[in-house]
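Below are the chains, spelled out letter by letter.
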Amino acid sequence: MDQVVIANRLSDGVVVFLAAAPGSARGEWMLRLEDASVARDDARAQEILALGLASARDRNEVIDPYLIDVEQTPSGLRPTRYRELIRAFGPTVRQDLGKQAGSGEV
Amino acid sequence: MALLESRADGPALIDDRYLRLDETAPIPAEGAVLVSLVRFHAERAALLARKAPLGVWLASNEKPVAVADDLERLALVALDFPVFSDGRAFSSARLLRERYGYKGELRAIGDVLCEQLPFMLRSGFDSFDMKSPKALEEFRAVVGEVRVVYQPTGDGRPTAIDRRLGRR
Amino acid sequence: MYQYDEFDHALVQDRVTQFRRQVERRLAGELTEDQFRPLRLMNGLYLQLHAYMLRVAIPYGTLDSRQMRKLAYIARRYDKGYGHFTTRQNLQYNWPKLEETPDILAELAEVEMHAIQTSGNCIRNVTSDQYAGAAEGEIEDPRIWCEIIRQWSTLHPEFSFLPRKFKIAVTGSEHDRAAVKVHDIGLIMRRDGSGQAGFEVIVGGGLGRTPFIGKTIRGFLPKEHLLSYLEAILRVYNQLGRRDNKFKARIKVTVHETGAEEFTRLVDEEWAAMGDTAPKLPKQEVDRIARYFEPPAFRALPKAAPASEARAKSDPGFAAWVRHNVSPHKISGYAIANISLKPVGKPPGDATAEQMDAVADLADGFSFGEIRVTHAQNLVLPHVERESLPVLYDGLVAAGLAASNIGLLSDIIACPGLDYCALANARSIPIAERITERFADRDRLELIGEMQIKISGCINACGHHHVGHIGILGVDRKGEEHYQVQIGGSATEDAALGRILGRGFSADEVVDVVEKIVDTYLERRTQGESFIETYRRIGQDPFKERVYGTA
C-alpha cells in the first residue's frame, strides 16, 4: 500500500504533506498532496515517517505527523480513508473552503 | 532535579535535604528521610522515634486524612503528581492546609508543570520538585502573571469580591 | 447584562498576556506539544482536521451588539468569514492560526470576551435558558447565578485538572430550555415553603458514551449556599472521579458507580466539614451582580399590536415566522424573537460575518442591543416590541435569517462532525442538509409540527442525539459512514434518553428512515398530539415495523 506522511503545521494548523528525496537528512512540508513523497514499501515509509517525526520533535514545524494510505485515482492521488480525504481537501459541506478551493493555498 | 522553594522573599533553588527511601531501604539513624504512606504506617514507631526530620509522601489516590493525626510530627508532606493532569493533589493540599492545619513543608513531586505553579501555590504547596533547569526563571515568569483571583483558598489572598467590598 | 469591573478586566487581560507568552514558548520549542496542549485547551484552542479551532465563550448565551460585531470582525480578519454557534451557547471559529490566536484573544478582551476554559478538564461555560429575563414564569433571572458561578469557576486553583470536563447549566423556569438534566450539574431555581428562592441540585447527567439523566441530590439549596455546595461537589468529584479510564471519568459515572445515595452523603459530609474555608457569597456581591440583570427600560405598551396583526393577515410568510419564531414575553406589548440559523440545505448553526453584523444592528434597533444564543444553535432577540416585528422580519429577510422553523423538523441540531472535527467518525452536516431539503415544503413542516432531530458525528454526542425526538448517531463501519437511529428522547424537564430502533443505515438510507418515522407519526397521531406524545402513547414498535418493513 502506498503511503505519505501527513501532519498539521504548528504555526497555523494547515494540513501538510512530507516531501523528501531518498536519503535526505530532512524533509520539506508541502501544501498539496500531489507534491508529497509517496512510499511504496515499508522501508521507505519508515524513512519518511522518521523525517516527519524529527521535524516535529527537533524543529517544531508540525504537530502529530503520521502515515496514511493513498492510492492513484483518475482524479489524482487520494487518501484511501475518508477522514484523511477530508483533511487533504477540506470540509465537504463548504467546497469554497480549504485546499479544494484553490491550488493548495489556504 | 531542582527543588524550588517558595519563600516570603521570593523563590529559591535549594538542595533537597531529604533522602527518599523506597519500600525496603534501611532507615538511617540520622538525616531527614522521606517515606511512602504505606511505609509510614508499617514502621510508624521506628520512624517517629528518630530525632531527625520525617517526611511522608502520598500517591495521588491516597487521602490526606491518612496522615491527619500525625501532621505535627511531620516536617514534610509530599504529594505526587503521576502525570500533571492528575489534579487530585490540589484537593489534598487544600485539605492538609485548611482542614487539618498542616504547617510544615508541603511539596509537589512527580510530573510538575511550571504552568501549574500559581494553582499549586494557592492550594498550599511551598516547594516543588521541578524537572526543568530553568525552574527559577519559569517561576518568576509564571507566578503573579494573573493579578486577580476569584476564589478564596488558605493562602489568604484577597479575592475580587474582597477587593470589591473593601473598595466600598 | 453583566459588565466587567477593573478586576474582571485585569484577569482577562493578564490571561491574554499569559497565553501570548505560552504561544511564544511553544513556537520557540521551549514547550513540547504534550506540555502545551492542556494550556491551549484551557484557552479553548483545539487542533481539528484542517486547522486549529477556537471556541469563544459566550457566558450563559448572552451577548450584546458590540460583542457580536467583534465576533464578526474576528471572523473576517482572522478566519474565513463565518462562525459556528454550538450546543453550549458558544461560538467556534474553524480556521484560526496559532500565531494569531493571542491577537484574537486581545480583540475579544476589548469587548469583555474570552476563550477561557471552553475546553480542557475544567469547569466549562455555564449555560442557561435563552429566554431568561424575558419569558413568563421565571422565579428569578438564572443568569445572575450563572455569572456568580462563572467567576467562582474561572482559574479555580483546585479544580483546573479534573478527571474530565465539567458542564453546569442553570434554569430559572419550570420549563427547562437549558437541558439541565443532562449536565454534570444542573440547577433548577425553586421556592421553598416560605417562598424563599433556592436551587434543586441535580448531578451526574450527561450524554456521550454512557448517557444518564441526572439525579437530584438536594431538593432545595438556599441561594446563599450555592458556591460552597458546588465546591463540595467538585471536591468529591476531583478526588473520586476515575483517572484510569477516560471514558469513565465524567461525574455521571462516578455517581453511577458510587451510588447516588452514597455520593450525596459524601457531598453533604464534605459540605458540613468545610466551615470557614468555604467560598463566601456576600449579599452585597450578589446584589451588585443582580443589578446588571435588571430589566431594560421597557415602555408601557398595550397588549394589542394592530400593525403586526395586519401584516400577518396580508403576508403569509410573516405570519408563519410569527407563528414559529416568536414567543410570548412577560411584558405587555413585547415578544421574544427567535432567529433561526437553520436554512434549508446549509450547515446548522453557522452564521456569516455579514449576518452577525446584521443581527447586531437589529439588536440595537429592536432589542436594547441584547442577543442570546440557544443550545439548539439559534439566536434570540429577547425584548422586541410586537409592533416592531414586521420591520424586524424584513431586516431578517434581507440578511437571509428569516427561516421560520424554530422547533420544527428542519430546526436540526447537528455537531460539526467529520467535515471539521478530529473526533468524529462520520459526517453530520450533510445528513442535516439532506433532511432539510427533503422536508423543505412549508406546509408539510407545519403539518408535522414540533419535531427535534439531533445529529452527532460520534459517540461524544455533541449533537445531543440521545435527547432528540429522533436522534442520529454517525459511526464508522468498516471505513464507511453508517448511521444509528434512535427515537423518543427529550431534553426538557421531562428528560428522557432515546431508544435505538435497530440496525443502522447508510447515508443514503437515513433520510428515508426519517420520512418513514414521520409518516408513521402522522398516520397514528390523535388530534393535537405532538410526535413525542404519540411516541409515548404507542411506543417503539409501530415505528420499528415501518422502518424495517416488518409490519
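Residues numbered from 1 in each chain as written. Chains lettered and ligands numbered in written order. Predicted model: local features only at pLDDT ≥ 70, side-chain atom pairs only at ≥ 80, totals over all residues. Heavy atoms only, no water.

### Digging into the interface of chain C and chain A
Thought 1: Between chain C and chain A, the contact holds 27 residues from the first and 22 residues from the second.
Thought 2: Here chain C meets chain A over a buried area of about 2,100 Å², counting both sides, of which 60% is carbon and sulfur.
Thought 3: When the area that chain C buries against chain A is broken down by residue, the three leading residues are Leu49, His50 and Lys80 of chain C, summing to 23%.
Thought 4: At the surface where chain C touches chain A, the tally comes to 0 salt bridges.
Thought 5: Across the chain C-chain A interface, the total number found is 10 residue pairs in polar contact (both at pLDDT 80 or more).
Thought 6: Of all the secondary structure elements, the ones that give two or more residues to the side of chain C that touches chain A are helix H1 (6-27) and helix H14 (429-438) of chain C. (Contact = heavy atoms within 4.5 Å. Buried area = accessible area lost by both parts, 1.4 Å probe. Salt bridge = Lys/Arg side-chain N within 4 Å of Asp/Glu carboxyl O. Polar contact = N/O pair within 3.5 Å; in protein donor to acceptor, adjacent residues only side chain to side chain. Helix = DSSP H or I, 4+ residues; strand = E, 2+ residues; numbered from the N terminus.)

### Comments concerning the interface of chain C and chain B
Thought 1: Contacts between the two partners involve 48 residues from chain C, matched on the other side by 38 residues from chain B.
Thought 2: Where chain C abuts chain B, roughly 4,000 Å² becomes buried across the two surfaces, and 56% of that area is made up of carbon and sulfur atoms.
Thought 3: Taken together, chain C and chain B are joined by 12 salt bridges.
Thought 4: As a salt-bridge pair, Arg164 of chain B and Glu285 of chain C come within 2.7 Å of each other at their nearest N and O atoms.
Thought 5: Where chain C meets chain B, there are 24 residue pairs in polar contact (both at pLDDT 80 or more).
Thought 6: Every element with two or more residues in the side of chain C that touches chain B is listed here: H1, helix H2 (33-41), helix H5 (143-153), helix H6 (226-240), helix H8 (260-274) and helix H9 (283-291) of chain C.
Thought 7: The dominant element in the side of chain C that touches chain B, judged by the number of residues it contributes, is H1 of chain C, at 11 residues.

### Some remarks on the pairing of strand S19 (residues 480-487) of chain C
Residues and elements named next belong to chain C.
Thought 1: Most of S19 is tucked away, with 6 of its 8 residues classed as buried.
Thought 2: Of the pairings in the sheet, the one linking strand S18 (residues 470-477) to S19 comprises 8 bridges and is antiparallel in character. From the neighbouring strand, Asp476 faces S19, where its bridge partner is Glu481.
Thought 3: In sequence, S18 turns back onto S19 through a hairpin of 2 residues, with Lys478 there showing a positive phi of about 50 degrees. (Buried < 20%, exposed > 50% of the residue type's maximum accessible area, 1.4 Å probe, protein only. Pairing = 2+ DSSP bridges.)

### Some details on empty space enclosed by the protein
Residue and element names in this part refer to chain C.
Thought 1: By the definition in use, this model includes 8 cavities of 30 Å³ or more.
Thought 2: A volume near 130 Å³ is recorded for the largest cavity.
Thought 3: Forming the walls of the largest cavity are Met1, Tyr2, Tyr4, Pro59, Tyr60, Thr62, Gln67, Glu112, Met113, Glu147 and Arg150.
Thought 4: If you go around the second largest cavity, you meet 13 residues; those closest to its centre are His114, Ile116, Arg124, Asn125 and Arg150.
Thought 5: The class makeup of the residues in the lining of the second largest cavity is 5 nonpolar, 6 polar and 2 charged. (1 Å grid on protein atoms, 1.4 Å probe; cavity = no way out; pocket = protein on both sides within 12 Å on 5 of 7 lines; lining within 4 Å. Points joined across faces, edges and corners; volume = space filled by probe spheres on them. Nonpolar A, V, L, I, M, F, W, Y, C, P; charged D, E, K, R; others polar.)

Geometric descriptors of this kind do not, in isolation, establish any biological role.
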